[in-house]
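Structure at a glance
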Amino acid sequence: PGNDPWLFDLFSECSSGTELLEFSEGLAGENRLDEAIGLLEQATARNGEDVTLLHALAVLLDKAGRHREAVVHFRMVLELAPAQL
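In short, a report on the structure. Note that the structure is predicted; figures quoted are calculated from it, not measured.

What follows concerns the overall build of the protein chain. Each helix and strand in the protein chain was counted, giving 5 helices and 0 strands. The order of α-helices and β-strands along the protein chain, N terminus first, is α-α-α-α-α. The long-range fraction of contacts in the protein chain, counting pairs at least 24 apart against all pairs at least 6 apart in sequence, stands at 47%. As displayed, the protein chain offers around 5200 Å² of accessible surface, 52% of which is attributable to carbon and sulfur atoms.

In structure tokens form, the structure reads like this:
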């Protein structure tokens, strides 16, 4: 994603979508985990039942060493979509 503030602002308003996930993954790939987590946290605050967002957030939280928070989100995923197991 680079350092384009316009893109970051755009995606910070999103509540779901493949592009948001890809942008967050790109940030994480650039070792900008906190920014990626922040974007996904904002999106899940607006759309708390999007299993894909919750799962992506849990994965990034785990990658960042925030295991307790990751477990909470993984549990939410399983509650909403037990087949995800």
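Now, onward.
One finds L40, L53 and L60 to be the most contacted residues of the largest nonpolar core, which totals 17 residues. For this core, the secondary-structure elements that each account for two or more residues are α2 (18-29), α3 (33-46) and α4 (51-63). Among the elements that line this core, the one with the most residues is α3, at 6 residues. Leaving out residues up to four positions away in the same chain, L60 has contacts with A28, L33, A36, I37 and L40.

Right, let's get into the side chain of D50. Within the secondary structure, D50 is located in the loop between α3 and α4. For the buried D50, which has no salt bridge, the nearest side chain bearing the opposite charge is R46, at an N-O separation of 11 Å. Of note is the side chain of D50, whose polar atom sits 3.1 Å from the backbone nitrogen of L53.

Note on placement: R32 falls in the loop between α2 and α3. Residue class for R32 comes out buried when judged on its relative accessible area of 16%.

About the cut-offs
By convention here, each chain's residues receive numbers from 1 onward along its written sequence. Local features in this predicted model are restricted to residues of pLDDT 70 or higher, and side-chain atom pairs are both shown and tallied only at a pLDDT of 80 or more, whereas totals for entire chains, interfaces and linings draw on every residue. To obtain the side-chain values, all non-hydrogen atoms of the structure were used and water was disregarded. Think of it this way: any DSSP run of H or I at least four residues long counts as a helix, any run of E at least two long counts as a strand, and we number them from the N terminus. It only takes one pair of heavy atoms within 4.5 Å for two residues to be counted as in contact. Here, Shrake-Rupley sampling with a 1.4 Å probe gives the accessible areas, and only protein chains in the shown set may cover a residue. The term nonpolar core refers to a set of buried residues drawn from Ala, Val, Leu, Ile, Met, Phe, Trp, Tyr and Cys, joined through side-chain atoms within 4.5 Å. Relative accessible area decides the class of each residue, using a 1.4 Å probe on protein chains only: under 20% of the type maximum gives buried, over 50% gives exposed, and in between gives partly exposed. Positive charges come from Lys and Arg alone, negative charges from Asp and Glu alone, with His and the N- and C-terminal ends not counted. For this document, the term salt bridge refers to a Lys or Arg side-chain nitrogen within 4 Å of an Asp or Glu carboxyl oxygen. The definition of a polar contact used here is a pair of N or O atoms within 3.5 Å, where within protein one atom must be able to donate a hydrogen and the other to accept one, and adjacent residues in sequence count solely through side-chain atom pairs.

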